[in-house]
Amino acid sequence: MSKIIKRTLIVSSTIVLLLFFLVGNNAFANTFSGKYTTGNLTWKFAGSYSSETQKKLLKYPKKWTALSSKLNLTEEGNSYKYSRFRVRYKLTKPPTSGLLGRTFFFTKEGSSLTYTDRWWKATVSVYNNSDANTTNKHATLVHEAGHAFSMAHCNHPGKKHIMHQGLKNYTSVSTYEKNELIGKWGS
Ligand SMILES: [Zn+2]
Ligand SMILES: [Zn+2]
């Protein structure tokens, strides 16, 4: 193979890689490949909370659903089992030391799924973690709800993004994350 052909090959494969990287970055962004089967969701809390407390806590996941007309969160009239957005708030200690929260995905019948699947319901857990104050726990509720709505972690040092990992003393969804959610669900 001549030197010129070799060089051309290297240059073009670099371009292909660069294109793949750019397209790949855009296509995947900071969202999961999986999502809820439909965005018409009903909420229910595990445990017993006053309707006043439930209303206060629901403000946090609703920071996401308020951003897209494709996501609707209304109260489940039936039992917890039939609710599609299920909240477990401060009910259990972290299963692993330091863990703030976790989100689990399921079929309608309750079989476990992963973030690459199409889930019918999700359970959002905020653990009773003694390292976290009330604001930190509210931030975790927004964060975990973000996972239920297909938001993945992001890492932009210096930015106040709710999908960053760790303790957060803010509960807002950033403009960047708003656009990511709309990219996934539509406006
Ligand atoms: Zn970020
Ligand atoms: Zn997370």
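Going along each chain's sequence as written, the residues are numbered from 1 onward. For naming, the first written chain is A and the first written ligand is 1, with later ones following in the order written. Totals for whole chains, interfaces and linings use every residue, but because this is a predicted model, local features are given only for residues with pLDDT of at least 70 and side-chain atom pairs only at 80 or more, for both listing and counting. The side-chain values count all of the structure's non-hydrogen atoms but skip hydrogen atoms and water molecules.

An unreviewed UniProt entry annotates the protein chain as Peptidase M10 metallopeptidase domain-containing protein of Hornefia porci.

1. A closer look at the coordination of the zinc ion (ligand 1)
The criterion, for reference: Donor atoms: N, O and S within 2.8 Å of the metal, or within 3.2 Å for Na, K and Ca. Because water is excluded, sites can look incomplete. Labels for metal geometry use angle windows, namely 85 to 135 degrees for all angles of a four-donor tetrahedral site, and for square planar (four donors) or octahedral (six donors) sites opposite donors over 155 degrees apart plus all others within 65 to 115; sites meeting none of these are irregular. Each residue gets one of three labels from its accessible area relative to the maximum for its type: buried under 20%, exposed over 50%, partly exposed in between, using a 1.4 Å probe on protein chains only.
Ligation of the zinc ion (ligand 1) by protein atoms is provided by Cys-154 (SG), His-156 (ND1), His-161 (ND1) and His-164 (NE2), these donors lying 2.1 to 2.3 Å from the ion. Here the zinc ion (ligand 1) binds four donor atoms, and the angle range of 98 to 123° at the metal identifies the geometry as tetrahedral. Donor residues for the zinc ion (ligand 1) sit on one chain with the sequence pattern C-x1-H-x4-H-x2-H. On the basis of relative accessibility, which here comes to 8%, the residue Cys-154 falls in the buried class.

2. Side note on the coordination of the zinc ion (ligand 2)
In a perfect tetrahedron of four donors around a metal, the angles come out at 109.5 degrees. In a perfect octahedron of six, they are 90 or 180 degrees. Protein-derived ligands of the zinc ion (ligand 2) are His-143 (NE2), His-147 (NE2) and His-153 (NE2), with the metal-ligand distances lying across 2.0 to 2.1 Å. Binding-site remark: the zinc ion (ligand 2) is held by donors from one chain whose sequence spacing is H-x3-H-x5-H. With relative accessibility at 8%, the residue His-147 sits in the buried group. Residue His-153 is classed as partly exposed on the basis of its relative accessible area, which comes to 34%.

3. Points about the side chain of Thr-103
To be explicit about the condition: The numbering of helices and of strands both runs from the N terminus, where a helix is a DSSP run of H or I of at least 4 residues and a strand a run of E of at least 2. In the analysis that follows, any N or O atom pair within 3.5 Å is treated as a polar contact, provided that within protein one partner can donate a hydrogen and the other can accept it, and provided that, for residues neighboring in sequence, both atoms belong to side chains. For this analysis, residues touch if any pair of their heavy atoms sits within 4.5 Å.
Following the sequence through the fold, Thr-103 ends up in strand E5 (residues 101–106). We classify Thr-103 as buried; its relative accessible area is 11%. In terms of polar contacts, Thr-103 uses its side chain to reach the side chain of Glu-144, at 2.8 Å. In contact with Thr-103, other than residues within four places in its own chain, are Ala-122, Thr-123, Val-124, Glu-144, His-147 and Ala-148.

4. Describing the side chain of Arg-86
Where we set the bar: Lys and Arg are tallied as positive, Asp and Glu as negative. Neither His nor the chain termini are counted. What counts as a salt bridge is simple: a side-chain nitrogen of Lys or Arg found within 4 Å of a carboxyl oxygen of Asp or Glu.
Tracing the chain through its elements places Arg-86 in strand E4 (residues 85–89). Despite its burial, Arg-86 pairs with no opposite charge, the nearest such side chain being Glu-76 at 9.5 Å. Apart from the residues lying within four places of it in its own chain, the contact partners of Arg-86 are Lys-44, Tyr-80, Lys-81, Phe-106, Lys-121, Ala-122, Thr-123 and Val-124.

5. Re the pairing of E4
The line we're drawing: By definition, two strands form a pair when at least two bridges between them are found by DSSP.
Burial analysis of E4 places four of its five residues in the buried class, the great majority of the element. Pairing analysis gives three bridges linking strand E2 (residues 40–45) to E4, with the strands arranged parallel. Looking across to E4, one finds that Trp-43 is bridged to Phe-85. As judged from the five bridges shared by E4 and strand E8 (residues 121–126), these two strands associate in the parallel manner. Each bridged residue has a counterpart across the sheet, and for Tyr-89 the counterpart in E8 is Val-126.

6. Topic: the sheet that holds strand E6 (residues 112–113)
Threshold: Every angle, taken between N-to-C directions, lies between 0 and 180 degrees, and every axis is a line fitted to C-alpha atoms, over only the stretch in contact when it is a helix.
Pairing in this open sheet of six strands is mixed, and the strands run E3-E2-E4-E8-E5-E6 from one edge to the other. In this open sheet, the two edge strands, each paired with only one partner strand, are strand E3 (72–75) and E6. Seen against the sheet, helix H2 (residues 51–58) touches E2 and E4 and runs at an angle of roughly 135° to E2. Of the strands in this sheet, E4, E5 and E8 touch helix H4 (residues 134–148), which is tilted by about 160° from E8.

7. Structural notes on the layout of surface pockets
In plain terms, the rule: Residues are said to line a cavity or pocket when one of their atoms sits within 4 Å of a point; the points come from a 1 Å grid over protein atoms alone, cavities being sets where a 1.4 Å probe fits but cannot get out and pockets being open sets with protein on both sides within 12 Å along at least five of seven lines. Grid points are joined across faces, edges and corners, and a volume is the space filled by probe spheres set on the points. Asp, Glu, Lys and Arg are counted as charged, while Ala, Val, Leu, Ile, Met, Phe, Trp, Tyr, Cys and Pro are counted as nonpolar; the rest, among them Gly, fall into the polar class.
Put simply, the largest pocket is a space of about 260 Å³. Going through the elements one at a time, E5 and H4 are the ones with two or more residues in the lining of the largest pocket. Counted by class, the lining of the largest pocket contains five nonpolar, nine polar and three charged residues.

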